[in-house]
Amino acid sequence: MSGRRPPATERAAGRRIVTAFLASAAGAVGFAVVYGLNAGPQWEGVCLAVAFAGLAVGLAQWGRHLVPVGGYVEEHEGFTSPPDEQAMTAAVLTAPDSPVRRRGLLAALGLAVTALGVAALFPLRSLLPWNRRSPAEALSGTPWAPGVRLVDEQGRPLRPEDVPANTVVGVFPEGSVDSGDGPAFAVRLEPERFTRPPSGGHVNGLVVWSLLCTHASCPVRLYLKGTGRVLCPCHQSSFDLLADARPVAGPAARPLPGLPFEVGPDGFLRATGDFTGPPGAGSWRRQ
C-alpha cells in the first residue's frame, strides 16, 4: 500500500492545492513588500485578498479531494408532516389575503434588499486611489500652506491689530476651520524677552503656534500672562513661549510647532508654509 501511486484525479488536485498555497504565500509576501514601500492601502488590500483567497481555495480543494470521506449516514424515519397540517399550510398560502400573494409586500421587500445591496457597494469607492488620499498622504501635512489666511472661528480674516497684547487668539486656516490638525493660536509678546527665536518667526512680537499639545493633542488654552507660558489643562504640560514653546513641565516632550506667517499686501495675516513640525501627539509624528 505504501507504494501505491495516487490516481490522476488526486495528483491533479494536489497540483491545484500547491498552486493555491503558493499564491497565498506570494500574496502574503507581496503585502509585506507593499506595506514596507508604503504603496497605499489599495495594493495592500489586493495582496491580502490574494493571500486569503489562495489559502481558502487550497484548503477547500484539500478537504474535497484528498481527505477521506465516509458514507456514514444514520437512517432516520421521514419528517413528512401530517396530511391535515399540509392542507392547512396550503390553504393559508393560497388564501387571497396570504402575504405571499401580496405583490406590494414582495415589491417593497425586493426594493429594500436591493437598496441595501447598492448601499453596501458604496464603501468600495474609498478604495479607489483618485477618491481619497492614503493614510500616509493624509498625515503628510495640514491645511496650512503659503498664502492661506489666518481667520477666527467665524471665518473672518485677521489683521495684526486683531491680536491685542497679553491675549491668546485662536486662529484657523481659511476654508478649513473645522480641520482637526489646523487649529493654532496667536499671541503678542515682547521680542526682547525671547530667549530662543520662534521657529515660525514673528512680526513685531506677534507669533503663532499650534494649539494642540504635543503630549495627547489636547488644546493648550490657558495662557499665563506675564510669564509667557501656556498650559495644557488636561495633563498640566507647560510650554515656554519665550523659548520657542519648548516644554518646561508636564509629560509633553516636544515643543509646540510654530506657524510661519507674514502680513500680506492687503494687511491680513497669511501663512507662508505649514507648521514647523507635526502638530499634536507624538504618535502622529510624520515622516
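The structure this text deals with has already been given above.
Because the structure is predicted, anything quoted here is derived from the model rather than measured.

Rules used throughout
Residues numbered from 1 in each chain as written. Predicted model: local features only at pLDDT ≥ 70, side-chain atom pairs only at ≥ 80, totals over all residues. Heavy atoms only, no water. Salt bridge = Lys/Arg side-chain N within 4 Å of Asp/Glu carboxyl O. Helix = DSSP H or I, 4+ residues; strand = E, 2+ residues; numbered from the N terminus. Buried < 20%, exposed > 50% of the residue type's maximum accessible area, 1.4 Å probe, protein only. Axes fitted to C-alpha atoms, helices over the stretch in contact; angles between N-to-C directions. Parallel < 35°, antiparallel > 145°, perpendicular 65-115°, else oblique. Left-handed = near helix turned anticlockwise from the far one by under 90°. Nonpolar A, V, L, I, M, F, W, Y, C, P; charged D, E, K, R; others polar.

Draft legend 1. Here's a closer look at the pattern of salt bridges. A complete count under the given rule lists four salt bridges for this structure. Here Glu174 ties to Arg149 by a salt bridge, and the two come within 2.8 Å at their closest N and O atoms. Note that Glu174 is positioned in the loop between strand S2 (168–173) and strand S3 (184–188) and Arg149 in the loop between helix H5 (135–138) and strand S1 (150–151), a separation of 25 residues in sequence. Take Glu174: its relative accessible area is 35%, and that puts it in the partly exposed class. Asp266 is paired through a salt bridge with Arg270; the nearest N and O atoms lie 2.9 Å apart. Arg270 sits in the partly exposed class, given a relative accessible area of 21%. A single network of salt bridges, built from pairs that share partners, joins Arg149, Glu174, Asp266 and Arg270.

Draft legend 2. Expanded view of the packing of helix H1 (residues 8–37) against helix H2 (residues 41–66). At a minimum axis distance of 7 Å, the contact between H1 and H2 shows a crossing angle of 160°. Between H1 and H2, the crossing angle belongs to the class labelled roughly antiparallel. When the axes of H1 and H2 are compared, the crossing they make is left-handed. Taken together, the residues of the contact of H1 with H2 break down into 19 nonpolar, seven polar and three charged.

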